[in-house]
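These are the residues of each chain, in order.
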Amino acid sequence: MKIGVGIIGASVGGWAAISHVPALKALPDYELRAISTSRRASADLAAKEFDIPAAFDDHAELISHPGVDLVVVSVKVPHHHALVSAALAAGKMVYSEWPLGVDSSEAADLAARAEAAGVRTVIGLQGGFLPVIRHTRALVADGYVGRVLGTTLVGSGLSWGPETDRAHAYLYDAALGVTPLTASALHALEAVNFVLGQLAGVSANLVIGRTEARVIDEGKTIPVTAADQVSITGTFHSGAALSLFYRGGFSRGDNFRWEINGTHGDLVLTAPGVNGNLQALDPRLQGGRGGDQAVADIALPDSVFRPVPRDLPAPAQGVAHLYAHFAQDLREGTQTVPGFGYALQRHRLVDTVEQASRTGSRQILP
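Here the structure is a predicted model, which means the values were calculated and not measured.

Cut-offs and rules
Residue positions within a chain follow its written sequence, with the count starting from 1. With pLDDT at 70 or above as the cut-off, local features in this predicted model cover only qualifying residues; side-chain atom pairs require 80 or more to be listed or tallied, and sums for whole chains, interfaces and linings still use all residues. Here the side-chain values reflect all heavy atoms present in the structure, with hydrogen atoms and water set aside. A pair of Phe, Tyr and Trp rings is counted when the ring centres sit within 6.5 Å of each other, with Trp represented by its six-membered ring. The angle between the planes then sorts it: under 30 degrees is stacked, over 60 is edge-to-face, the rest tilted. Helix numbering and strand numbering both begin at the N terminus, where a helix is a DSSP run of H or I of at least 4 residues and a strand a DSSP run of E of at least 2. Partly exposed residues are those whose accessible area sits between 20% and 50% of the maximum for their type, while under 20% is buried and over 50% is exposed, using a 1.4 Å probe and protein chains only. Here, over-ring charges are defined by two tests on the NZ atom of lysine or the CZ atom of arginine: distance to the ring centre within 6 Å, and angle to the ring normal within 35 degrees. What a helix should span is 1.5 Å times the count of its residues minus one. Throughout, the arc means the angular range of directions from the helix axis out to the C-beta atoms. Contact criterion: two residues are considered in contact whenever any of their non-hydrogen atoms come within 4.5 Å of each other. Polar contact is the term for a pair of N or O atoms within 3.5 Å; when the atoms are in protein, one must be able to donate a hydrogen and the other to accept it, and sequence-neighboring residues count only if both atoms are side-chain atoms.

1. Topic: the packing of aromatic side chains
Overall, the coordinates contain two aromatic pairs when judged by the stated rule. Their ring planes at 65° and their centres at 5.2 Å tell us that tyrosine 30 and tyrosine 323 sit as a pair that is edge-to-face. Of this pair, tyrosine 30 sits in strand β2 (residues 30–36) while tyrosine 323 sits in helix α9 (residues 314–332), and the two are 293 residues apart along the sequence. Neither tyrosine 30 nor tyrosine 323 differs from the other in exposure class; each is buried. Through pairs of rings, three or more aromatic residues link up here, namely Tyr30, Tyr95 and Tyr323. When the ring centre of phenylalanine 194 is taken as origin, the NZ or CZ atom of arginine 137, which lies over that ring, is 4.2 Å away.

Have a look at this one:
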């Protein structure tokens, strides 16, 4: 029996349209049965564009749809709490985009509601499910670089630059929960932790480099309270060192580069273009070891893509693998995908990073 899915926030051209929709249509375990947006016209357009039988301009109608088993919440984070709560109250499984809430308090409440409802949940942290990241982990585990000495990742968030539009102006307000730290850096750190393990301690420096941004479609400026320069350093339980930096906007140089350096070799992941958000990229993997004088391309085996089609676009790859593992979890009674309990742990990691920056002292992690 197929898992019936309804997406809240599936407007044409939005994130769900380029990730969730193609991912679900590529997997035989799922059937996309309903979508809802805030306006009837955009809902009808999306339903026609994606060949979805039911379209709503009221999320309550999607949640109550008898054919919807899994509700996907892919809207602005300030709306997550109300929408996820409604879906949980209806006894539906929920896939929420990350961050789960605007802060750890909202995340804790939603995690408690999910546990009380006794339903399965998914949080959209797909970094560890990207094929290139899975292969990188395998190479490290097999000793390609020897003992890992340290890792350095530098990226650009693309958003949080000097200009924005009204639809994205909320990103500049730290209180609304979507910042270079909570979004870009945490998605990248998810992959780093998947490959190299968890951190024993962190230090951080969160800086508001741009104090205002221009809203181009309104011709005015807004104050910036979200730190657009994010520096995290730390030590893994293995003893290896971490240096992770994300900038708001983009660089005229590299916008995504991740190196893993070990006693016997090096692995390098890079991506062209101005977008440095790992969860939406198809990075190039290169490596060198022993007597190699430079890194060379490393091909990805077909096995890291299965059961997802290899030609699925990059933004849909990690999402599709999350869905595929979730379907397997439901069949086999396992829990390999991150749910709301895990999301709460990551929100608390954000709190710890912010405390490290605020106090200027290293924070020990559990």
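2. Description of helix α6 (residues 104–117)
Between its first and last C-alpha atoms α6 spans 20 Å; for 14 residues at 1.5 Å apiece the expected length is 20 Å, and the two agree. Of the positions making up α6, those classed as buried are Ser104, Glu106, Ala107, Leu110, Ala111 and Ala114. Here the buried residues of α6 occupy an arc of 155° about the axis, which is enough to place them on one side. Residues of α6 that are exposed and angled more than 90 degrees away from the buried face: Ser105 and Ala116. Each element contacted by the buried residues of α6 is listed here: α5 (80–89), β6 (121–124) and α10 (340–359). Its side-chain oxygen 3.2 Å from the backbone nitrogen of serine 105, aspartate 103 forms the N-cap of α6. Remark: glycine 118 follows α6 within two positions and exhibits a positive phi of approximately 70°.

Interpretation note: all reported values are geometric properties and have no functional meaning in isolation.
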